[in-house]
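# Overview (structure and organization)
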Amino acid sequence: MLIKILVVEDSATDRLIIKSMLSEYQILTACDGQEALRMLQEHDGINLMILDLNMPRMNGFQVLESLKGDKRYGKLRTIVLTNYDEVDNEIKGLKLGAVDYIRKPIHMESLKARIDVHAALLRAEHELEQQLHESERSKSVLLSHLPGLAYRCNYDRDWTMQYVSAGCYDLTGYPPESLLYNRDLSYNELISPEYHDVLWNEWERVLAAGQPFKYEYEIITAAGEKKWVLEMGQGIYNDAGEVEALEGIVFDISYRKAIEDALKYNYEHDRWTGLHNHDYLVALLEKDAKRKQKAKKALIGINLNMVQVVAANYGFQYAQNLIKKAAEALSQHCTDNCLLFHSRENSFVFYLFDYKDQKELVAFGNVIADTLGSIFITERIGGGIGILEIEQNQSELNVDLQLRRLLIASETSVSMFGRDFEICIYNEELEAIVNREREIVEALSAIAANDDTTDELFLQYQPIMNLRTGSIFGFEALGRLRTGKLGLVSPLEFIPIAEKTKLILPIGEKIIAKALCFLNRLNKLGYNEIGISLNISVIQLLSPNFTNRLFELISEIQVNMKNIYIEITESVFASDYDKINSILEIMRKAGLQIMIDDFGTGYSSLYREQELKADYMKIDKYFIDNLLCADQSKAITGDIISMAHKLGHCTIAEGVEHNIQLQYLQKHNCDKIQGFLISEPLDEDAAIMFLEK
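Presented here is an overview of the structure given in this document. (Residues numbered from 1 in each chain as written. Predicted model: local features only at pLDDT ≥ 70, side-chain atom pairs only at ≥ 80, totals over all residues. Heavy atoms only, no water.)

The helix and strand tally for the chain stands at 27 helices and 25 strands. With the C-alpha coordinates aligned to their principal axes, the bounding extent of the chain is approximately 100 × 65 × 55 Å. Per-residue burial for the chain yields a buried fraction of 48% across its 693 residues. Taking all contacts inside the chain whose residues are at least 6 apart in sequence as the whole, residues at least 24 apart take part in 63%. Of the roughly 34100 Å² of accessible surface on the chain, a fraction of 49% belongs to carbon and sulfur atoms. (Helix = DSSP H or I, 4+ residues; strand = E, 2+ residues; numbered from the N terminus. Buried < 20%, exposed > 50% of the residue type's maximum accessible area, 1.4 Å probe, protein only. Contact = heavy atoms within 4.5 Å. Areas by Shrake-Rupley, 256 points an atom, 1.4 Å probe, with all protein chains shown as cover.)

Below is the structure:
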């Protein structure tokens, strides 16, 4: 039997990968729900549909709704693709007629195993339909060759078997005849005890609703080992509508479960320390908030960012080993009411609940300080310990705000106490820091609205030098903010706030306009070959009218496209790779050039990099800094330069501050550099004077 599968997925790359993985089947593809419905109408005999729920134009739920009442697709099996934490979507999809779900990120071997199971079921159903006229003996021969255990049993607590296929032995270790009419043991005795009532209740539910049965559970084999199985079945009714038997098949899914467990573990745990990670902490806090328990809850944050000093002196691996040693020591303080998480690269969080009072938290914080002090005393570095009590009786917990406040407390501890491990409790004084963010938002809003304000958005320009000629290639335009209340505000502070509030759209346009005016000024002074690179965020890039507005500004200010470089961070490609890449291609065709910033630290993938619509790769400062503290023969910076060249990209090294870095980059044929070795960021007039010199 030819199995025909329709893959409905808006990502062209994922469609290609799935099609390649399932090459033994006939694969059709669709990019959205509307095309999927058209394919179903045009192609007869589609047996199985892999359906992404999140798609443009027409999503997966709408497709399921359209198919639900159409008898033509009554035998179509639909497997929905969901994200890891979308349990509600999985339930909704199954209620709309899907027979299975697969969670993203997709593990291709798991997908293949799952599709093979459904293909086996389809073939079994097809064969059964073809062989209905044959004798029970022929049917038994057919069933004996199916993977897993095919059965017909009574609807009783023992699941008394009337028929068991030969696959019973491979699955359970017992010969089929030992289960027939409970000769040696009942099937219920194979089921792990914790599932006895669960399975009975589930069968009762589906039979009452006239639905098929599907459930994953564990059995105990003849060897005494536990094995995960998937049972799929249905009730057989007599003329009076009463259940006279149950029929179905039981598959071994231990391998798939092992893969899922591994994926789940990797998703929830930090690979280096083995502790639960930031995502798991956030999920747990949100889950506990919904329970509305009255027990006191608190977070204790541990900030070990000063370990970076050790990394600079002794290398990254040495610093990582210190972090792992700290994790092992801190784990000794875990209890049922005190959980430890590795929330960030150099940060840990204790989650405590059902404690007595703040004094108990402080006492525990001092224990942590002593533990960490004994580890880091020889390194002569300290860290921060922040304490945050979570307010009780909150109708809704803002987890991001709580973790930000905890970070404020731990960072304040670092700034106040330096080399010591001291405690800082989040309170109203630290609330001022939160208020600072609000003031920055107000300043950005006033600038965006062109209000009469003392707040100022201005640009500085950092030169980029051509290593081959020694001449200035161009400038990177860097946004700066000076407010009447706060004075000069770092872009590392105000840019993330602008992105979070979407003020980056009007603010970003103002930055672009100022930079293009500077470029126009350079052209009038005769610097026709000097270019300007503009930092663009993913929010701007994905804004519907961004590209058109950019072209309008370029036309209005009358500057040459070829002298404009659009600079985006590598990590933006994690958002929507295909869409962003297509936008970049439009810009390149118009004459703009594309720079990928922070190369090597974001969404790095050789498969992706070779498809990037980019002209320049900016090597992240991390790899340049490593040239100072590592054995240069082991440095991979030169390999990155070589790889970028082979992919057809020019290279720009960021953060060059020392001659030893310059010499290495020259030796390895880096194209261009920028950094304090060449010049710090300059005001507009100073930048022009720099060119004149």
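On we go.
Okay, the environment of Ile640 next. Tracing the backbone shows Ile640 in helix 25 (residues 637-646). Separated by 235 residues in sequence, Ile640 and Arg405 have C-alpha atoms that sit 38 Å apart. Each residue touching Ile640, except ones within four places of it in the same chain, is listed here: Phe599, Ile619 and Phe623.

Attention shifts here to the pattern of salt bridges. Following the criterion strictly, the structure yields 41 salt bridges and no others. Residues Glu35 and Arg38 are paired through a salt bridge, measuring 3.4 Å at the closest nitrogen-oxygen approach. Within this pair, Glu35 and its partner Arg38 are both found in helix 2 (residues 33-42), separated by three residues, close to a single helical turn. With its nearest N and O atoms 2.7 Å apart, the salt bridge here joins Arg205 to Glu202. You can see Arg205 and its partner Glu202 sitting in helix 10 (residues 196-209), three residues apart, about one turn around the helix. (Salt bridge = Lys/Arg side-chain N within 4 Å of Asp/Glu carboxyl O.)

Once rolled over the atoms, a probe with the size of a water molecule shows which space is left empty. Of the pockets and cavities examined, the second largest pocket occupies roughly 1300 Å³. Forming the boundary of the second largest pocket are 41 residues, of which Glu476, Leu478, Leu492, Asn535 and Asp597 lie nearest the centre. Breaking the lining of the second largest pocket down by element, the ones donating at least two residues are strand 17 (456-466), strand 18 (472-483), helix 18 (491-500), helix 19 (504-524), strand 20 (531-535), helix 20 (538-541), strand 21 (564-569) and strand 22 (593-599). Per-element accounting of the lining of the second largest pocket gives the leading share, six residues, to helix 18. Taken together, the residues that form the lining of the second largest pocket break down as 17 nonpolar, 14 polar and ten charged. (1 Å grid on protein atoms, 1.4 Å probe; cavity = no way out; pocket = protein on both sides within 12 Å on 5 of 7 lines; lining within 4 Å. Points joined across faces, edges and corners; volume = space filled by probe spheres on them. Nonpolar A, V, L, I, M, F, W, Y, C, P; charged D, E, K, R; others polar.)

A few words on the packing of aromatic side chains. A complete count under the given rule lists 19 aromatic pairs for this structure. Considering the side-chain rings of Trp203 and Phe213, the 4.1 Å spacing of their centres and the 5° angle between planes classify their relative orientation as stacked. Separated by ten residues along the polypeptide, Trp203 in helix 10 and Phe213 in strand 8 (residues 213-220) bring together distant segments of the chain. The interplanar angle of 40° and the centroid separation of 5.9 Å between the aromatic rings of Phe376 and Phe421 together place this pair among those described as tilted. (Phe/Tyr/Trp six-rings, centres within 6.5 Å; stacked < 30°, edge-to-face > 60°.)

Here we take up the packing of helix 3 (residues 60-68) against helix 4 (residues 87-95). With their axes 10 Å apart at the nearest point, helix 3 and helix 4 run at an angle of 15° to one another. The orientation of helix 3 relative to helix 4 falls into the category roughly parallel. Crossing of helix 3 over helix 4 shows left-handed handedness. The residues of helix 4 that touch helix 3, namely those facing Phe61, Leu64 and Lys68, are Asn89, Lys92, Gly93 and Lys95. Classifying every residue of the contact of helix 3 with helix 4 gives two nonpolar, two polar and three charged. (Axes fitted to C-alpha atoms, helices over the stretch in contact; angles between N-to-C directions. Parallel < 35°, antiparallel > 145°, perpendicular 65-115°, else oblique. Left-handed = near helix turned anticlockwise from the far one by under 90°.)

Moving on, we come to the nonpolar core. With 73 residues, the main nonpolar core has Leu534, Ile566, Met587, Leu665 and Ile673 as its most contacted residues. Looking at which element gives the most residues to this core, the answer is helix 19, with nine residues. Residues contacting Met587, with those up to four places away along its chain left out, are Leu541, Phe546, Thr547, Leu550, Phe551, Ile566, Leu592 and Ile594. Within the second largest apolar cluster, 34 residues are counted, among which are Ala298, Cys338, Leu361 and Phe364. (Core = buried A, V, L, I, M, F, W, Y, C linked by side-chain atoms within 4.5 Å.)

The next thing to look at is helix 11 (residues 254-268). Taking 1.5 Å per residue, 15 residues should reach 21 Å; helix 11 reaches 21 Å between its end C-alpha atoms and fits that length. Where helix 11 is concerned, the buried positions are Arg256, Lys257, Ile259 and Glu268. Viewed end-on, helix 11 has its buried residues packed into an arc of 160°, placing them on one side of the element. Helix 11 presents Tyr255 and Asn266 as exposed residues on the side facing more than 90 degrees away from its buried surface. Along its buried surface, helix 11 packs onto helix 5 (108-130), strand 8, strand 9 (226-237), strand 11 (276-277) and helix 12 (278-291). (Expected span 1.5 Å × (residues − 1). Arc of directions from axis to C-beta.)

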